[in-house]
Amino acid sequence: WRGREGAPYSALVPSDEVTINYRHGLPVITLTLPTRRERCQFTVKPVVTTVGAFLQDVQREDKGIERAEVFATDGSKVSDATLMEVLLMNDFKLVINNTAYSVSPPVKDKLSSEHATEMEDIKSLVHRLFVALHLEDHQIRKERELLQKLDHLKGELLPLEQMKARIMHSADAKTSRLLWVGLALMSTQGGALAWLTWWVYSWDIMEPVTYFITYGSAMAFYAYFVLTKQDYIYPLAKDRQFLHYFYRKSKNQHFNVERYNKLKDDLAEAEESLRRLRQPLRLRLPIQEISDKD
């Protein structure tokens, strides 16, 4: 038997050196402490005790233990986060300093269906009690994390918000100028048609001209619908032109719109999480239900 780094252990002790018995439903692990050479019993709670916690108890009992690890029978190390309930399902090897103990947990009788259900209910109750007792600490820690995240997101958004404000101001100014230019062109066209009708030509000559101007305008509006799949409504056309100027200006000034939107979504999500965290009655409500109530 070799360790993870390939170095052989000094001894492979038979399984009777480490024994496991069940008392009142809890496993009791008995082993010999290497320093004092005396037998010591450790009662573990398999549902909540981890392998790491058990090894810490062993090292705390004997200060001469420099190394305590658990390996599976195939030589792979068992994680410290593994529950003792899982470890005691199969044989394993307990390594203390340079001595490896072969451990064979006793096979427990199969629980009846009713008793198994009771055990699951007890586990669920223990879990709920643990959550209730530690909920306040968890909320404080989570609130601190969310506040730090909000500060970080706001710090990243601040220069983007300033750049966006400048781009929006520029795009809005260009859109307004375009609207005034359109009004000026329509006024000029109306004045030119009136001047040609009453001072240069007669209505008989100008009537076909105005007809084709009207027909050309109808064709232009129809072409707008074909290209944009929208009716030519002045507010919608204004917004479309505003977005055109905004994205073109954003590209010229290297303003990342997608990153800005992603940061805004993350900020809104963090604010909603913080709002739910500060209102315990809303913690278990789904987002959709909260939105409907608001």
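What counts and how
- Residues numbered from 1 in each chain as written.
- Predicted model: local features only at pLDDT ≥ 70, side-chain atom pairs only at ≥ 80, totals over all residues.
- Heavy atoms only, no water.
- Pairing = 2+ DSSP bridges.
- Helix = DSSP H or I, 4+ residues; strand = E, 2+ residues; numbered from the N terminus.
- 1 Å grid on protein atoms, 1.4 Å probe; cavity = no way out; pocket = protein on both sides within 12 Å on 5 of 7 lines; lining within 4 Å.
- Points joined across faces, edges and corners; volume = space filled by probe spheres on them.
- Nonpolar A, V, L, I, M, F, W, Y, C, P; charged D, E, K, R; others polar.
- Phe/Tyr/Trp six-rings, centres within 6.5 Å; stacked < 30°, edge-to-face > 60°.
- Buried < 20%, exposed > 50% of the residue type's maximum accessible area, 1.4 Å probe, protein only.
- Axes fitted to C-alpha atoms, helices over the stretch in contact; angles between N-to-C directions.
- Contact = heavy atoms within 4.5 Å.
- UniProt positions renumbered as here; feature names shortened; annotations may be inferred.
- Core = buried A, V, L, I, M, F, W, Y, C linked by side-chain atoms within 4.5 Å.

Focus on the pairing of strand S7 (residues 99-103)
Of the strand pairs in this sheet, strand S6 (residues 92-96) and S7 are connected by five bridges, and their pairing is antiparallel. Note on S7: the bridge partner recorded for Lys93 is Ser102. Joining the antiparallel neighbours S6 and S7 is a turn of two residues, in which Asn97 adopts a positive phi near 55 degrees.

Points about the layout of surface pockets
The computed volume of the second largest pocket comes to approximately 550 Å³. Along its surface, the second largest pocket is lined by 18 residues, and Leu179, Gly182, Met186, Tyr232 and Tyr234 are the ones closest to its centre. Residue assignment for the lining of the second largest pocket shows that the elements contributing at least two residues are helix H3 (113-200), helix H4 (203-228) and helix H5 (234-252). If one sorts the elements of the lining of the second largest pocket by residue count, H3 sits on top with eight residues. Of the residues belonging to the lining of the second largest pocket, the class tally is 11 nonpolar, five polar and two charged.

Let's talk about the packing of aromatic side chains
The full count for this structure, using the stated rule, is six aromatic pairs. Here the aromatic rings of Phe246 and Tyr247 are separated by 5.7 Å at their centres, their planes lie at 90 degrees, and the arrangement is edge-to-face. Judged by centre distance (5.7 Å) and plane angle (45 degrees), the rings of Phe255 and Tyr260 are tilted. Both residues of the pair, Phe255 and Tyr260, belong to the buried class. Cluster of aromatic residues (ring-pair linked, three or more members): Phe246, Tyr247, Phe255 and Tyr260.

A few points about the sheet that holds strand S4 (residues 39-43)
An order of S2-S3-S4 is seen for the three strands of this open sheet, with the pairing classed as antiparallel. Looking along the sheet, the strands with just one partner apiece sit at the ends: strand S2 (19-23) and S4. Across the sheet, the axes of successive neighbouring strands diverge by a mean angle of 25 degrees, strand direction being ignored. Examined bridge by bridge, strand S3 (residues 26-32) and S4 share five bridges and lie antiparallel to one another. Its bridge partner lying in S4, Thr30 is registered against Gln41. The sheet strands contacting helix H1 (residues 51-61) are S3 and S4, and the helix crosses S4 at an angle near 145 degrees.

Section: the UniProt feature "transmembrane region" (unreviewed entry) in the protein
Summarizing the sequence annotation, UniProt attributes the feature "transmembrane region" (unreviewed entry) to residues 178-197 and 209-227 in the numbering used throughout. Helix makes up 100% of residues 178-197 and strand 0%, whereas the separation of the span's terminal C-alpha atoms amounts to 28 Å. Secondary structure content for residues 209-227 is 100% helix and 0% strand, and the end C-alpha separation is 27 Å.

Observations concerning the nonpolar core
Judged by nonpolar contacts, the single largest core of 24 residues is most densely connected at Leu31, Phe54, Val70, Phe92 and Leu94. Among the secondary structure elements, those contributing two or more residues to this core are S3, S4, H1, strand S5 (68-72), helix H2 (84-87), S6 and S7. It is H1 that contributes the most residues to this core, four residues altogether. Counting residues in hydrophobic clusters, the runner-up holds 19 residues, among them Phe242, Phe255, Tyr260 and Ala270.

So, the side chain of Asp62
For Asp62, the position within the fold is in the loop between H1 and S5. Given the relative accessible area of 2%, Asp62 is considered buried. Not counting chain neighbours up to four residues away, the residues in contact with Asp62 comprise Leu33, Pro34, Thr35 and Arg36.

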